[in-house]
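# Remarks on the overall topology
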Protein chains: 2
Amino acid sequence: MAEPKSRARRGVERSEILDAAFNLFASTGEQGFSIRKLAAALGVDPMTVLHHFGSKEELLRAIADRALRDIEMPVSTSDWQSDLKAVANAYRTLAHRHPLVFPLHFRYNATGPTDHISSEVVYCALRQAGLADADVAGLGLAFYAFVLGFALAEAEGLLRPIGPSDEAELEGLEPETYKATRSLIPALKTLDPDAAFDNSINVFILGVAALAAGRPESASHKSKVGFATH
Amino acid sequence: MAEPKSRARRGVERSEILDAAFNLFASTGEQGFSIRKLAAALGVDPMTVLHHFGSKEELLRAIADRALRDIEMPVSTSDWQSDLKAVANAYRTLAHRHPLVFPLHFRYNATGPTDHISSEVVYCALRQAGLADADVAGLGLAFYAFVLGFALAEAEGLLRPIGPSDEAELEGLEPETYKATRSLIPALKTLDPDAAFDNSINVFILGVAALAAGRPESASHKSKVGFATH
DNA sequence: GAGTATTCTCTACAGTGTAGAAGTCAAGGG
DNA sequence: CCCTTGACTTCTACACTGTAGAGAATACTC
């Protein structure tokens, strides 16, 4: 996988292509992206691109991975709560920085975080919180679904105060059946994305803490070792 | 939008096409789906399809919407916790029933729940939990990101006990930096999807409850009316 | 019936990803 | 030096995509 046996300008070319691909995708999104356009931008034959990356699928995967290079993942500390917040914020930063690439990252990495570095931090944090192994495994995934889903929604422009057109749509709903929705319109108009995000992570953290407190001392499962905090 | 002014067999044809489109998509996924294949299956010209649905994009949207028809959305009760669980389970059921269509639903509806019926239930539940309007608005979105992201991960096959190949990959990680991940392997091998899902929703609920408890009496915002439970 | 609105089909075009053959060039051995 | 070898690039070609535009077919109103 890594690098078969390079010759000529193999290594250079590949990263060059990847950079160009990333930039093209980042500026035009999936719609405007094609191997042929990329090749044209590079002044190269389309098949050259396909020679370095076996297929479009692989190229997209590489783009999604490359996105991670632009953010720095936190490392574990002794404070699991701020560790989780740090990881969450790292992904949110990614979504902010490359909103068009983020859906790609989501597609390939929500479905299995290849990104072991950050999941290590998450697992570690959940352990520190006092959860049993089985809970850690399940909630680790939940944390990803949560954070990535949220960041995706934000990248796609949902997590903004609603505009006049949305408001009009909500106003048009049946008052009887949509009481709560309609009365929330003012709050939706003044929604603060940062606050909403922080708040949501907080809810997760509070929930984890409550769960840990409710199952005292954990270790009800056959976890190999104690593996305390650090 | 609804139906301009039908004539001939407009209504019939359209739903017929939509059904066929849904079935095709549900059985072959996005890869195997194309307007031309759909038309061929219907024994009709591709352009006919495009005449009823203005573009492929619109057709996909219609398919995503149609998916919701196959699940029944709960209505609000006096128990906000089980209301949230019910909504979450409804989407999970959807993901289970049509795993190939679910990503589509996610793409179009994670980015703005057109699905007002279920969000009404969610908003109502969060209100009942005792949250202020601003929190309700933000956490409503968080709930969706959470549930949909989780269900998506499951639909795409992530939320399963890891197999031998994944295990091998994890075993290959550096023992020093990936302590937590590696020691979680046994738990990941015996992961129970149902339990993980329930557990995750529980964490959300526990967190909401804790947040509500921490900000006593809410109503710090200019919410129009008291709008109690029902 | 005639006229008209509506739906369907045909043809055509600009794109797409990619298989396979052919070309191009650098390095190494005779 | 030439000639083979092998990686890298390009050319050509194919099957396939969504969809614009003109035309043919159909049904409805009068």
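Residues numbered from 1 in each chain as written. Chains lettered and ligands numbered in written order. Predicted model: local features only at pLDDT ≥ 70, side-chain atom pairs only at ≥ 80, totals over all residues. Heavy atoms only, no water.

### Brief notes about the overall build of chain A
- Looking only at helices and strands, chain A features 12 helices and 0 strands.
- From first element to last, N terminus to C terminus, chain A shows the α and β order α-α-α-α-α-α-α-α-α-α-α-α.
- For chain A, with 230 residues in total, the buried portion stands at 48%.
- Of all intrachain contacts in chain A linking residues separated by at least 6 positions in sequence, the fraction that spans at least 24 positions is 70%.
- Here chain A displays about 11300 Å² of accessible surface, and carbon together with sulfur accounts for 53% of that area. (Helix = DSSP H or I, 4+ residues; strand = E, 2+ residues; numbered from the N terminus. Buried < 20%, exposed > 50% of the residue type's maximum accessible area, 1.4 Å probe, protein only. Contact = heavy atoms within 4.5 Å. Areas by Shrake-Rupley, 256 points an atom, 1.4 Å probe, with all protein chains shown as cover.)

### A word on the interface of chain B and chain A
- Contacts between the two partners involve 58 residues from chain B, matched on the other side by 58 residues from chain A.
- Taken together, both faces of the contact between chain B and chain A bury some 4800 Å²; the carbon and sulfur share is 70%.
- For the pair chain B and chain A, the number of links is 0 salt bridges.
- Here chain B and chain A share 10 residue pairs in polar contact (both at pLDDT 80 or more) between them.
- Elements represented by at least two residues in the side of chain B that touches chain A include exactly α6 (102-109), α7 (116-129), α8 (133-155), α9 (164-171), α10 (179-183), α11 (185-189) and α12 (193-214) of chain B.
- Looking at the side of chain B that touches chain A element by element, the count peaks at 15 residues for α8(B).
- In terms of residue class, the side of chain B that touches chain A is made up of 36 nonpolar, 13 polar and 9 charged. (Buried area = accessible area lost by both parts, 1.4 Å probe. Salt bridge = Lys/Arg side-chain N within 4 Å of Asp/Glu carboxyl O. Polar contact = N/O pair within 3.5 Å; in protein donor to acceptor, adjacent residues only side chain to side chain. Nonpolar A, V, L, I, M, F, W, Y, C, P; charged D, E, K, R; others polar.)

### Focus: the pattern of salt bridges
All names here are of chain A.
- Under the defined criterion, the tally for this structure stands at 18 salt bridges over all chains.
- E57 is the salt-bridge partner of R61, the closest N and O atoms lying 2.9 Å from each other. Separated by 4 residues within a single helix, R61 and E57 lie in helix α4 (residues 56-68), roughly one turn from each other.
- Judged by its relative accessible area of 39%, R61 is partly exposed.
- For D133, the salt bridge is made with R127, and the minimal N-O distance between the two is 3.1 Å.
- For D133, a relative accessible area of 11% puts it in the buried group.

### Topic: the nonpolar core
- With 152 residues, the main nonpolar core has A:I63 and B:I63 as its most contacted residues.
- Among the elements that make up this core, the one with the highest residue count is helix α8 (residues 133-155) of chain A (16 residues).
- Excluding residues that lie within four positions of it along the chain, A:I63 makes contacts with A:L18, A:A21, A:F22, A:F25, A:F33, A:V101 and A:L104. (Core = buried A, V, L, I, M, F, W, Y, C linked by side-chain atoms within 4.5 Å.)

### Some points on helix α2 (residues 35-42) of chain A
Residue and element names in this part refer to chain A.
- I35, L38 and A39 are the residues of α2 that are buried. End-on view of α2: buried residues confined to an arc of 100°, all on one side of the axis. Counted as exposed and oriented over 90 degrees from the buried face of α2: R36, A40 and A41. (Arc of directions from axis to C-beta.)

### What about the relation of the copies chain B and chain A?
- Superposition record for chain B on chain A: RMSD 0.1 Å, screw rotation 180°, translation along axis 0.0 Å. What the rotation and shift describe, once combined, is the action of a two-fold rotation axis.
- Mapped onto chain A, 98% of the interface residues of chain B are again interface residues, and the two copies thus contact each other with one and the same surface. (Least-squares fit on C-alpha atoms with pLDDT ≥ 70 in both.)

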